[in-house]
Amino acid sequence: MASVDENIPFVESDSLVQTPKSRTKDVHILSTAFLLVFLAYGAVQNLESTVNADGDLGTTCLGILYVSFTFFSLFASLVVRKMGSKKALVLGTSGYWLFTAANLKPSWYMMVLASLYMGFAASIIWVGQGTYLTSTARSHAKDCNLHEGTVIGNFNGEFFGMFASHQVIGNLLTLLLLRDSTEGDTSGTTLLFIVFLCIMTLGIVLMCFLHKTDNKEEDNPEASSIGFFSIVAFVSKLVIAPLSDIRLLLIIPFFAYSGLQQAFVWAEFTKKIVKPTLGESGVGGLMAVYGAFDALCSVVAGRFTSSLSSITWIVAGGSFAQAVMLLWILLKYSTTSGALGIIYPLLMASALGIGDGVFNTQLNALLGMLFKHDMEAAFAQLKLWQSGSIAVVFFLMPYVSLRVMVLIMLLVLLVAVSAFFHLTLRVERAFTYPAEAN
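Keep in mind the model is a prediction, meaning the values are calculated, not measured.

(A) View of the side chain of Q322. Positionally, Q322 belongs in helix 11 (residues 308-331). Those residues in contact with Q322 that lie beyond four places of it in its chain are Y257, Q261, A351, L352, G355, D356 and F359.

Written as structure tokens, this is what we have:
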């Protein structure tokens, strides 16, 4: 009589046993591509106000850029849904490349056009990034039977850890290539911009190797209509309608504060705290320290992210670090020389880097968890309020003092933290009461 084991095949069919598909490779590619693009652009942005100082061309173009960014964020979710997140990422990088290229021979005409286009490109690349990374994390968690919140936190931690390190690499590269340049000599900056363009090109090519996501919402038939009224209706649905969600309204103050603190680093901190004590040559080094703490905190915060409760504790820690630093500047800080003149800016750069790392990872992870079925609209709101806040700082900078700016940031941070804790209580109550009823 035949044994039962004889009916069992030695090798199981591929249709019965499938190896879970890992999406970590796409996260590595996305993170590395963003690192290459932004280590170049970040350094260009830091140099903009000094390299193009005639007529405040650099500062004005940055203001135009972020106004454009704010405006096109209204339509970014529509573009990403129509194109798909991968194509939006590739197209978005073109704006950064053209803006850097325009700096090779800057003129008002070219720089303003490049700034306007880059505002559009930035809006779709960041909405595309948030959508792509969250969709990839969700697919990876499903395929590998992992906790979704933990995977979203880990993927965001890796991405923003790599992204934040662009401040370190880009600023060190700037110091290396510009060390022998003299005042008024543009040969050093020309070489630097050419090197940056080559690095950006490599990042764009790398972006093309991303796999298409499984996000079915990108194939939404509503996005295929291109009539004017259809566009207005669709934009209203993706941008205005989400504002009726109390959860999003409670997060918006943190969106705004995140933009304020980024602009504070670029515009106020480097100009009014670092430069008077360390000189212009010390700006690159301090920004490298800022980037190092930003990157480290992004990775660590991402590893500890798993739920709304963990996000709340991490955000509270980052907010406390920034509140202490802002109160110090407002009440106690004054320009000093000697060792303290170096230590004080280093401590401030560390606190700013920690806060930025926390807010980047946690806000993106939070949106991925709370708005699973409307990710493009949620990430568009994030960039809309962030870029709007940044633009406000650039245009207000000539008219307000350092302490007034710090006071504004403290007030916004207080509102943001209060609203965030209220959000946590509302969401936890929504989950608790149904469970008690059952």
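From this point on, the discussion continues.
(B) Inspection of unusual backbone geometry at higher detail. The phi angle at N145 is positive, at roughly 55 degrees, despite the residue not being glycine. Tracing the backbone through its elements, the reader meets N145 in the loop between helix 4 (108-144) and helix 5 (148-164). When its relative accessible area of 71% is taken as the criterion, N145 is described as exposed.

(C) Expanded view of a nonpolar patch on the surface. Taken together, the side chains of Y109, M110, L113 and L116 define a hydrophobic patch exposed on the protein surface, amounting to about 420 Å² of accessible area. For Y109, a relative accessible area of 62% translates into the label exposed.

(D) Structural context of the packing of helix 12 (residues 339-370) against helix 13 (residues 375-396). Packing of helix 12 against helix 13 leaves a shortest axis separation of 9 Å and a crossing angle of 145 degrees. Packed against helix 12, whose contacting residues are N360, L363, N364, L367 and G368, the element helix 13 presents A378, F379, L382 and Q386 at the interface. Taken together, the residues of the contact of helix 12 with helix 13 sort by class into five nonpolar, four polar and no charged.

(E) Just the confidence of the model for the protein, in detail. Residues with a pLDDT of 70 or more make up 83% of the protein, whose mean pLDDT is 81. Across the protein, element-level confidence peaks in helix 3 (residues 85-102) with a mean pLDDT of 93 and bottoms out in helix 8 (residues 228-240) with 63. Of the regions scoring below 50 in pLDDT, residues 1-17 engages in one contact with residues more than four places distant in sequence or in other chains. Note that pLDDT drops below 50 for residues 432-438; the model gives that stretch one contact with residues more than four away or on any other chain.

(F) Spotlight on the pattern of salt bridges. Taken as a whole, this structure holds three salt bridges when the rule is applied. We note a salt bridge from E148 to R138, for which the minimum N-O separation is 3.5 Å. Residue E148 is found in helix 5, and its partner R138 is found in helix 4; the two are separated by ten residues along the sequence. In this structure R138 comes out as buried when scored by relative accessible area, which is 18%. The salt bridge partner of R247 is D245, with a shortest N-O separation of 2.9 Å. By relative accessible area, R247 is classed as partly exposed at 28%. A residue is classified by how much of its surface remains accessible, and D245, at 21% relative accessible area, is partly exposed.

(G) Layout of the environment of G128. The residue G128 is located in helix 4 in this model. Classification of G128 by relative accessible area gives buried; the value is 0%. Residues within four places of G128 in sequence aside, it is in contact with V80, S85 and L89.

(H) Here's a closer look at the packing of aromatic side chains. Within this structure, the stated rule accounts for 23 aromatic pairs. Residues Y41 and F99 carry aromatic rings whose centres are separated by 6.0 Å and whose planes lie at 70 degrees to one another, so their mutual orientation is edge-to-face. Taken together, the residues span a long stretch of sequence, with Y41 in helix 1 (residues 24-51) and F99 in helix 3 at a distance of 58 residues. Here F160 and F163 contribute two aromatic rings whose centre-to-centre distance is 6.3 Å and whose plane-to-plane angle is 85 degrees, an arrangement assigned as edge-to-face. Of this pair, F160 and F163 both sit in helix 5, three residues apart, which is roughly one turn of that helix. According to the relative accessible area criterion, F163 is buried, its value standing at 12%. Among the aromatic residues, those joined into a ring-pair cluster are F34, F38, Y41, Y96, F99, W126, F159, F160 and F163. The cationic tip of R247 hangs over the ring face of F371; the distance from NZ or CZ to the ring centre is 4.7 Å.

What counts and how
Residues numbered from 1 in each chain as written. Predicted model: local features only at pLDDT ≥ 70, side-chain atom pairs only at ≥ 80, totals over all residues. Heavy atoms only, no water. Helix = DSSP H or I, 4+ residues; strand = E, 2+ residues; numbered from the N terminus. Contact = heavy atoms within 4.5 Å. Buried < 20%, exposed > 50% of the residue type's maximum accessible area, 1.4 Å probe, protein only. Patch = residues over 30% accessible without salt bridge, like charges linked within 9 Å, V, L, I, M, F, W, Y side chains within 5 Å. Areas by Shrake-Rupley, 256 points an atom, 1.4 Å probe, with all protein chains shown as cover. Salt bridge = Lys/Arg side-chain N within 4 Å of Asp/Glu carboxyl O. Axes fitted to C-alpha atoms, helices over the stretch in contact; angles between N-to-C directions. Nonpolar A, V, L, I, M, F, W, Y, C, P; charged D, E, K, R; others polar. pLDDT = per-residue confidence, 0-100. Phe/Tyr/Trp six-rings, centres within 6.5 Å; stacked < 30°, edge-to-face > 60°. Lys NZ or Arg CZ within 6 Å of the ring centre and 35° of its normal.

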